Structures are given as structure tokens and as C-alpha cells.
Amino acid sequence: MNANLLILDRDGVINADSPDHIKSESEWKALPGSLGAISRANRAGYRVVILSNQSALGRGFMTIEDLNAIHQKLVLHLSQFGGNIEAFFFCPHKPDDNCTCRKPGTGLYRELAHRLGANVSGVPSIGDKLSDIEAAQAAGARPVLVRTGNGRDLEKSGKLPAGVPVHDDLRAAVEALLTESGARPGSDPAQY
Ligand SMILES: [Mg+2]
Ligand SMILES: [Zn+2]
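Residues numbered from 1 in each chain as written. Chains lettered and ligands numbered in written order. Predicted model: local features only at pLDDT ≥ 70, side-chain atom pairs only at ≥ 80, totals over all residues.

1. Considering the environment of leucine 154
Here's step 1: Inspection of the secondary structure puts leucine 154 in helix H6 (residues 151-157).
Here's step 2: Judged by C-beta crowding, with 23 C-beta atoms within 10 Å, leucine 154 ranks as buried.
Here's step 3: It is 10 Å that separates the C-alpha atoms of leucine 154 and isoleucine 133, two residues lying 21 residues apart in sequence.
Here's step 4: If we ignore the near neighbours within four places in the chain, the residues touching leucine 154 are Lys129, Leu130, Leu145, Lys159 and Leu160. (Helix = DSSP H or I, 4+ residues; strand = E, 2+ residues; numbered from the N terminus. Buried ≥ 20, exposed ≤ 12 C-beta atoms within 10 Å, placed from the backbone. Contact = placed C-beta atoms within 7 Å.)

2. What about the nonpolar core?
Here's step 1: Counting 49 residues, the largest nonpolar core has Ile7, Leu8, Tyr109 and Leu170 as its most contacted members.
Here's step 2: In this structure isoleucine 7 touches Val49, Leu51, Val123, Pro124, Ser125 and Ala141, once residues within four positions along its chain are discounted. (Core = buried A, V, L, I, M, F, W, Y, C linked by C-beta atoms within 7 Å.)

3. Side note on the environment of arginine 147
Here's step 1: In this fold, arginine 147 is placed in the loop between strand E5 (142-146) and H6.
Here's step 2: Under the C-beta neighbour-count criterion, arginine 147 is labelled partly exposed, with 19 such atoms within 10 Å.
Here's step 3: Spatially, the C-alpha atoms of arginine 147 and leucine 170 are 8.8 Å apart, while their sequence positions differ by 23 residues.
Here's step 4: Residues in contact with arginine 147, not counting those within four places in the same chain, are Arg152, Glu155, Val166, Asp168 and Asp169.

In short, shape yes, function no, at least from these values alone.
Encoded structure:
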């Protein structure tokens, strides 16, 4: 089933990004409205999957235990909104490792497709960097940019491929998606 998948980048989309990487659960801070937006997408029938570059692993800035603790915190905070992440796929490599999974490579999309038995064709994929947009396009998914994280800079840079929709943040992007897919807009009782 394609129709109900929603792919998200993590840093700069769900939580604040940092030029120094997010390396520990104490550094992980949700962006306003992002967890409510994921929960809202879940309740409209979307299975939400995260695909993210986590080169802090390959650079030795954090361990897999640190990354697991970050994801546990994300899951815990999200659960307070009734939301759920179906799977986390991440690239642990450094840019010069020349792997195929680091976005803009499409390895994470292939891994998702393989492990979940899903087709990523046309699946909305929300990110904040050109590498997110390019990976989504190369994988046949449908890229969407948010202005949080690096998104506003990318929008201003003129490098964003034509036709990619841009929204202020994850909440706005999810609202647009649900409106388009026929869910009742604004039916969320709490506008977190
Ligand atoms: Mg990002
Ligand atoms: Zn990789």
C-alpha cells in the first residue's frame, strides 16, 4: 500500500537541527507543532516513517546507543500526542564514505521499500534540505519542503527544483496533505 505512507526527514523537520549535529537525547528538541502534526497524520491513516542522515555516527560524535536514546525520546514525546513512528531508517556514514544510503542517495528508500514491502512511488516525503528533495525525486517519491531547519535558506537560494511545494513547517505541510487527500481540514481539536 502506497497511499498511506508518509516519509519524514528528522532534523530540521521534526526537531531543531544544529550545525554540531544532534548527538544526545538532551540535545533533541521538538519543533513547535511537529509532534501534533505526526499524530494528526496517523489519525488520518498515515503510517509515518523517518529517513535521516546521521553522519554523527560515522564521525564518532555519538554511538548507536545515543541514537537509540534520541529515538526513544522522540517516540515517548510523540506518544503523548497519540502519535507513532512505524520505522526509523538512517544512514550512519560520513559524506566521504561514498555510501548509497546517505541522501541524496536513495538507499534508505530502497531499504524502506524492502523492509516494509511498500512501494515509495508518489509517497509524500517531507524534508528541509536539497539532499532530501533530490533523494525523494530520485526514488520516485513526492518531495515537499518545509521552511524550518535549512528549508528557508534553500527556498531563498534558488536551488529548489521547480514544482516542489513549500510549507512553513510540518504542521502546515501535513494540513495541506490531509486537505488534498480529503481528510477534514482543521478537525484536530487541539492546535498544539
Ligand atoms: Mg534535515
Ligand atoms: Zn550511508
